[in-house]
Amino acid sequence: MTDATLNWLDGEAPAELPGGTTWGMPFTRGSLTGVDGITVSDADGRPVPSQAWPLATWPDGSLKWAGIALPAIDSPSAHYRVTSDGGAPPAPEPSPLITVTESEDSLTVSTGTLAMVINRRGDTLFNSLSCGGAVVAEDARLVSLLQDCVPDGPGSVSRQSFTGEVTAVVLEQHGPVRAVVRLEGTHRPDHADTDGKRRSWLPFVVRFYFHAGARSVRMLHSFIWDGDADRDFLAGLGVRFTVPLEHQLHDRHVRIAGADGGFLTEAVRGLTGLRRDPGEDVRRAQIGGQPTPPLEEWSELVSRRLHLIPAWNDYTLTQLSADGFELRKRTGEGHGWVGISGGTRASGFCSLSDPRGGFGIGIRDFWQSHPGQLDIRGAATARASVTAWLYSPEAKPMDLRFYHDGLGQDTFEDQLEGLEITYEDYEPGFGNPHGIARTHELTLFAYDSTPDTASLAADAGAASTPAMLQATPWHLHSAGVFGDWAPVDRSTPERAALEDKLDFLVDFYQGQVEQRRWYGFWNYGDVMHTYDFDRHAWRYDVGGYAWDNSELSPDLWLWYTYLRTGRSDVFRLAEAMTRHTGEVDVYHLGEWRGLGSRHNVQHWGCSAKQLRISTPAYRRFYYYLTADERTGDLLSELVDSDRNFLGLDPTRKVRTDSATYRPDRSALAVGLGTDWGSLAATWLTDWERTGNPRSRDRLLGTMADIGALKYGFLTGEALYNMDTGRFDAGRDMILVSHLSAVFGLVEICSELIDLVPDANFERAWLQYCRLFLASPEEQAAEVGQPLDGIHLTQAHSRLSAYAASRLGDAELATRAWTSFAEGGEHLNHAEAFTLQRIEPPYVLTAVDEAPTVSTNDTAQFSLAVIQNLALIGDQLPALQRVR
């Protein structure tokens, strides 16, 4: 039985839920066989229409995670309850229902308020969007611009225009409350090249989300960069809509959101501020977006001179940086632009309407993902256009070329020397962005007339910060998901001190995102790796010390922090990181498909292409908590990622047996730390989501093989047979790395031991946990030699804590807390560092001592606190200082 309270992520209930909402929530093992018994009720206990579907199952086949959707709601409840005891009254059917009509050439989806007609093939994303029977938008198209060079000085360039061509349309979900349509395609040139060829590029996936009764449609757009970084420069990427208009120019209304809820509210032909007054009723109606009175009710001094009032045909808002936008308009092509105003951060929303209806669009994370742009063209014609530019054509063309010439690093020896000085793992040809991706979220609004400004401001807010329901930390914890963590507990001074430090570190990084302007098309969501106290800047230009790219699991830190606290700001920070690290830091096509890039000045710059970056261990939180289909795509991409070891050896530059080792399907060297941990997360997630027997068998088989190895996890590396999905359990060696357990292995092993008991596997993991921080004498006594590669003491204190909890060993618990306290010098001065900040940004005063502020240290410190408290918090000593 489940009886769980759901709260709005951002605190209070929204005034309206114009597009419905979807979320994910877990259920305890064995409590449900499926979703049929799930009901949702409001704060007063009244059942509300809902739709549920399975996201994952427990090993026994019972429901583990479900996606749940609600329809559009005029006045949402303060909170909701989900029950699954079967005794609650059945939820009512939504009114209206989602309906889908399919034909050979198209499909039509209706929410009861709006309807969209989607062609199955062609150059449009949809043929029409209508509201109340009136078409408000037509011929939605993806558009892109390709520039052939970026000259270093004066010089000519050429730009070629492309339009997205849809090649496949799939109705992914169709229920009474929610429907999802997926479109796939590529961009094709509007005109053939001089040789007659029509090159395609930028493969895309677009999803439209429909909820019953909704007057808006969520649109999720993902594309893969498949250009040549040395020759192809993206000069614009957007989605364009045709907006039919019928009424007089003075009854056509342009609305563009600025900063902080402000709006440009204008008519195509303005009637205010004229030398002659048309009449107060006329002015009031136009300003309010209402139809103006008949011309005969106007002052004749104005009505007979309407043709002499300029009509403003075109409007543009550009957001070329995180700190500034500009608004301008013109009467038409061939005429000069007139500046309107500017500001800091526009919300990325505009609408165009007349009394018959209108169309609005909002781009989520608009200024954060700059450069962006909103264009309205032809507002004085019968068929205007609205273009939401995800990459502004007025910005400098996107330049993805590698940032240096290689510095003569032609051999592995030279490259390892480079690693010693700049921490950059360079290799010719590996700093290639071909195959990285980017996802944008948009919301499309259909209006039956021109809305008032307050309603439009609410729509802009709904597009930029979608309302979402979430289960409480206590429910998430009681469901037994995601391993070793517990909700925040400040019951003792010692616990409170650690909780304060955890809060401080999250707040510190939120402040750094803002202060350092970690924003931009490819950057938003990531954080930097290490700070340079001499320059008082993060090491943005120093090799592997720049963008973090999931190094040492900041993704896990943020998601576990959210699970414990339920804080919306932490959720948004983790969400942005998940979108970034899963898309930009991972290859989605090409020879490195399924691999991620280690930290670098450019997200794709490092030659270490590894599973430890692409691992589902970082992405599955967001998928399960939101039921996000795009994240599901990313998880599915990795199902066969074990095949990557055949083409690229992650340890090729440091392999001691490089003279003899040759990758072979029957004997691939796979590390038991970052490599197997990533594979295990992949197989576990796929098994839970799909029931795939291949993933199940490879997961359980390799677990059994690790348990059969003489030294278990201490073996470090085993030979993997790709055809059988099994390890050679006869390998006899000891190889320990301080990195093995800091990329999700700890969390995955803990879950596996609870999910699928295997005594030998558990013994092998407990041995690793017991011995990693044991004395050299203890290590030698058990395995015949002391262990090398023992670093990151504080991070690995959670291994001792796990063994202490599992074995009931008080001595190990003491070792865990002692190791934790002794290993944290790197964070002692972080607070002093941030308090020395001077505004405006970019300048810091010196501190007395120069600490090493590192995202690696921050993430692992936080994970150690979270897991130690959950495992052995009752044995927490009175620490002299919180490190």
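Conventions we followed
- Residues numbered from 1 in each chain as written.
- Predicted model: local features only at pLDDT ≥ 70, side-chain atom pairs only at ≥ 80, totals over all residues.
- Heavy atoms only, no water.
- Patch = residues over 30% accessible without salt bridge, like charges linked within 9 Å, V, L, I, M, F, W, Y side chains within 5 Å.
- Areas by Shrake-Rupley, 256 points an atom, 1.4 Å probe, with all protein chains shown as cover.
- Salt bridge = Lys/Arg side-chain N within 4 Å of Asp/Glu carboxyl O.
- Lys, Arg positive; Asp, Glu negative; His and termini not counted.
- Charge placed at Lys NZ, Arg CZ, Asp CG, Glu CD.
- Helix = DSSP H or I, 4+ residues; strand = E, 2+ residues; numbered from the N terminus.
- pLDDT = per-residue confidence, 0-100.
- Contact = heavy atoms within 4.5 Å.
- Buried < 20%, exposed > 50% of the residue type's maximum accessible area, 1.4 Å probe, protein only.
- Pairing = 2+ DSSP bridges.
- Axes fitted to C-alpha atoms, helices over the stretch in contact; angles between N-to-C directions.
- Phe/Tyr/Trp six-rings, centres within 6.5 Å; stacked < 30°, edge-to-face > 60°.
- Left-handed = near helix turned anticlockwise from the far one by under 90°.
- Nonpolar A, V, L, I, M, F, W, Y, C, P; charged D, E, K, R; others polar.
- Polar contact = N/O pair within 3.5 Å; in protein donor to acceptor, adjacent residues only side chain to side chain.

Attention now goes to a negative patch on the surface. A contiguous patch of negative charge, built from Asp410, Glu413, Asp414, Glu417 and Glu420, is present on the exposed surface. With respect to the helices and strands, Glu417 occurs in helix H3 (residues 412–422).

To continue, consider the confidence of the model for the chain. Put simply, the chain has an average pLDDT of 94, and 95% of its residues get 70 or more. Ignoring residues within four places in sequence, the model shows residues 826–850, a span with pLDDT below 50, making 52 contacts including any to other chains.

This paragraph deals with the environment of Asp123. Positionally, Asp123 belongs in the loop between strand E10 (114–119) and strand E11 (126–131). Accessibility expressed as a relative area gives 36% for Asp123, which makes it partly exposed. Considered as a pair, Asp123 and Leu142 are 19 residues apart in the sequence and their alpha carbons are 8.1 Å apart. Setting aside residues no more than four positions away along its own chain, Asp123 makes contact with Ala140, Arg141, Thr163, Gly164 and Glu165.

In spatial order, the strands read E33-E34-E35; together these three strands make up an open sheet with antiparallel pairing. Looking at strand neighbours, the two that pair on one side only are strand E33 (668–671) and strand E35 (726–727), the edges of this open sheet. The pairing of strand E34 (residues 717–721) with E35 spans two bridges and is classified as antiparallel. The residue bridging Asn721 from the neighbouring strand is Arg726, located in E35. Those strands touched by helix H13 (residues 674–690) are E33, E34 and E35, and its axis lies near 90° from that of E33.

Summed over the entire model, instances satisfying the criterion amount to 51 aromatic pairs. Between Trp559 and Phe621 the ring centres are 6.3 Å apart and the planes differ by 5°, which places this aromatic pair in the stacked class. Pair noted here: Trp559 is in helix H7 (residues 554–565) and Phe621 is in helix H10 (residues 616–626), with a separation of 62 residues, a long-range link. Using a relative accessible area of 0% as the deciding quantity, one classes Phe621 as buried. Measuring from ring centre to ring centre gives 5.7 Å for Tyr720 and Phe727, while their planes differ by 65°; the resulting arrangement is edge-to-face.

Looking now at the sheet that holds strand E5 (residues 51–57). Read across the sheet, three strands follow the order E2-E6-E5 without closing on themselves; strand pairing throughout is antiparallel. Pairing within the sheet leaves two strands with one partner each, and these edge strands are strand E2 (21–26) and E5. Shown here is a sheet whose adjacent strand axes are inclined to one another by a mean of 20°, direction ignored. In this sheet, strand E6 (residues 63–70) lies alongside E5 in antiparallel orientation, the contact comprising six bridges. In the sheet register, Ala52 faces E6, and the bridge partner there is Ile68. In the packing of H10 onto the sheet, the strands contacted are E2, E5 and E6, and the crossing angle to E2 comes to about 115°. Against the sheet, H13 engages E5 and E6, with an angle of about 140° to E5.

Look at helix H15 (residues 745–755) against helix H16 (residues 759–771): their axes get within 10 Å of each other, and the N-to-C directions meet at 145°. Here the hand of the crossing between H15 and H16 comes out left-handed. Where H15 abuts H16, its residues Leu745, Val746, Cys749, Leu752 and Ile753 lie against Phe761, Glu762 and Trp765. A class-by-class count of the residues in the contact of H15 with H16 yields seven nonpolar, no polar and one charged.

By the secondary structure assignment, His475 is in helix H5 (residues 473–478). Using a relative accessible area of 11% as the deciding quantity, one classes His475 as buried. From its side chain, His475 meets the backbone oxygen of Pro26 in a polar contact 3.0 Å long. Not counting the four nearest positions on each side in its chain, His475 is found in contact with Thr2, Ala4, Met25 and Pro26.

A word on the environment of Asn868. Relative to the elements of secondary structure, Asn868 occurs in helix H21 (residues 855–872). What makes Asn868 buried here is its relative accessible area of 0%. Residues Asn868 and Thr22 lie 846 residues apart in sequence; the distance between their C-alpha atoms is 33 Å. Other than its neighbours up to four places away in sequence, Asn868 contacts Ser797, Arg798, Ala801, Trp817, Phe820 and Gly873.

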